[in-house]
Amino acid sequence: MRANTNLFWILFVFFILADAAYTIWALIYYGRPEWVGTVAIGLTGIMSAFIAFYLGKVMSSQGGVLPEDRPDANIEDGDAELGHFSPWSWWPILLAASTGICFLGLAAGLWIVPIGLALVTVTLVGWVYEYYRGNFGH
């Protein structure tokens, strides 16, 4: 994590310097700043600073280096429980298909979007309440 934080700080410095060079180059070549590139490169640098700040805060709040970040760590060091996943569940596939129908409606015809939204609602509710009914109900 420390290497990632340092990488994003380096990217921040690079993009700010690139933004200054781009602005100076545009001033010399055109006689005025080229606003789209100047703003885009500057905002990319600012976003790199945001990511570096966030990664630094996460590393300081986790209280040390995680096993994934140590080169001498074994696989067993980071094998904690990550959550419960249903390998037999069809709901994620159905949700992806119904979301695809929504996007198809945006591309082909807006009359398909309400059908896709209805399917998204049904599949999302089905996935959320999968363990509250049937054989797996609590």
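As annotated in an unreviewed UniProt entry, the protein chain carries the name Cytochrome c oxidase polypeptide 4 and is attributed to Curtobacterium caseinilyticum. As stated in UniProt under Function (unreviewed entry), the record for the protein chain gives "Part of cytochrome c oxidase, its function is unknown." Taken verbatim from the UniProt record of the protein chain, the Sequence similarities (unreviewed entry) comment is "Belongs to the cytochrome c oxidase bacterial subunit CtaF family."

## Topic: the environment of L17
Relative to the helices and strands, L17 is located in helix α1 (residues 2–30). Judged by its relative accessible area of 59%, L17 falls in the exposed class. With 24 residues separating them along the chain, L17 and I41 place their C-alpha atoms 9.5 Å apart.

## What to know about helix α3 (residues 91–108)
Given a rise of 1.5 Å per residue, 18 residues ought to cover 26 Å, and the 25 Å separating the end C-alpha atoms of α3 matches this to within 8%. The complete set of buried residues in α3 reads L95, S98, C102 and G105. Down the axis of α3, the sector holding all buried residues measures 75 degrees, keeping them to one side. In α3, the exposed positions angled more than 90 degrees off the buried face are occupied by I93, A96, F103, A107 and A108. Elements in contact with the buried residues of α3: α4 (113–128).

## A few points about the packing of α3 against α4
Where α3 contacts α4, the two axes come as close as 8 Å, and the packing angle between them is 165 degrees. Here α3 is positioned roughly antiparallel relative to α4, judged by the angle of their axes. Between α3 and α4 lies a crossing of left-handed hand. Together, W91, P92, L94, L95, S98, T99, I101, C102, G105 and L106 of α3 and V113, G116, L117, L119, V120, V122, T123, L124, G126 and W127 of α4 make up the contact between the two elements. Class assignment for the residues of the contact of α3 with α4 results in 14 nonpolar, 6 polar and no charged.

## Thoughts on the packing of aromatic side chains
Within the structure shown, the criterion is met by 4 aromatic pairs. Ring geometry for W9 versus F12: centroids 6.0 Å apart, planes at 85 degrees, classification edge-to-face. In this pair, W9 and F12 are both assigned in helix α1, 3 residues apart and thus about one turn of the helix distant. Relative accessible area serves as the criterion here: at 36%, W9 is assigned to the partly exposed category. Judged by centre distance (4.9 Å) and plane angle (85 degrees), the rings of Y29 and Y30 are edge-to-face.

## Topic: the UniProt feature "transmembrane region" (unreviewed entry) in the protein chain
Cross-referencing UniProt, the feature "transmembrane region" (unreviewed entry) maps to residues 7–29, 35–55 and 112–132 in the present numbering. The distance from the first to the last C-alpha atom of residues 7–29 is 32 Å, and the span holds 100% helix and 0% strand. The span residues 35–55 shows a helical share of 100% and a strand share of 0%, and its end C-alpha atoms are spaced 30 Å apart.

Definitions and cut-offs
- Counting restarts for each chain, with residues numbered from 1 along the sequence as it is written.
- At least 70 in pLDDT is required for a residue's local features to be given in this predicted model, at least 80 for side-chain atom pairs to be given and counted, and no such filter applies to totals for whole chains, interfaces and linings, which use all residues.
- Computation of side-chain values covers all heavy atoms of the structure but excludes hydrogens and water.
- UniProt positions are given in the numbering used here, feature names are shortened, and annotations may be inferred rather than shown by experiment.
- Elements are defined by DSSP. Helices are runs of H or I of four residues or more, strands are runs of E of two residues or more, and each kind is numbered from the N terminus.
- Residue exposure (1.4 Å probe, protein chains only): buried if accessible area is under 20% of the type maximum, exposed if over 50%, otherwise partly exposed.
- Any helix carries an expected span of 1.5 Å times its number of residues minus one.
- The arc under discussion is defined with respect to the helix axis, by the directions toward the C-beta atoms.
- Only heavy atoms enter the contact rule, under which two residues are in contact if any of them lie within 4.5 Å.
- Here the axes come from fitting lines to C-alpha atoms, over the contacting stretch only for helices, and the angles between their N-to-C directions go from 0 to 180 degrees.
- Angle categories: roughly parallel below 35 degrees, roughly antiparallel above 145, roughly perpendicular from 65 to 115, and oblique for all the rest.
- In a left-handed crossing the near helix is turned counterclockwise from the far helix by less than a right angle, and in a right-handed crossing that turn is clockwise.
- Gly falls in the polar group here, along with every residue not listed as nonpolar (Ala, Val, Leu, Ile, Met, Phe, Trp, Tyr, Cys, Pro) or charged (Asp, Glu, Lys, Arg).
- Geometry of aromatic contacts follows a simple scheme: Phe, Tyr and Trp rings, the Trp one being its six-membered ring, pair when their centres are within 6.5 Å, and the pair is stacked under 30 degrees between planes, edge-to-face over 60, tilted otherwise.

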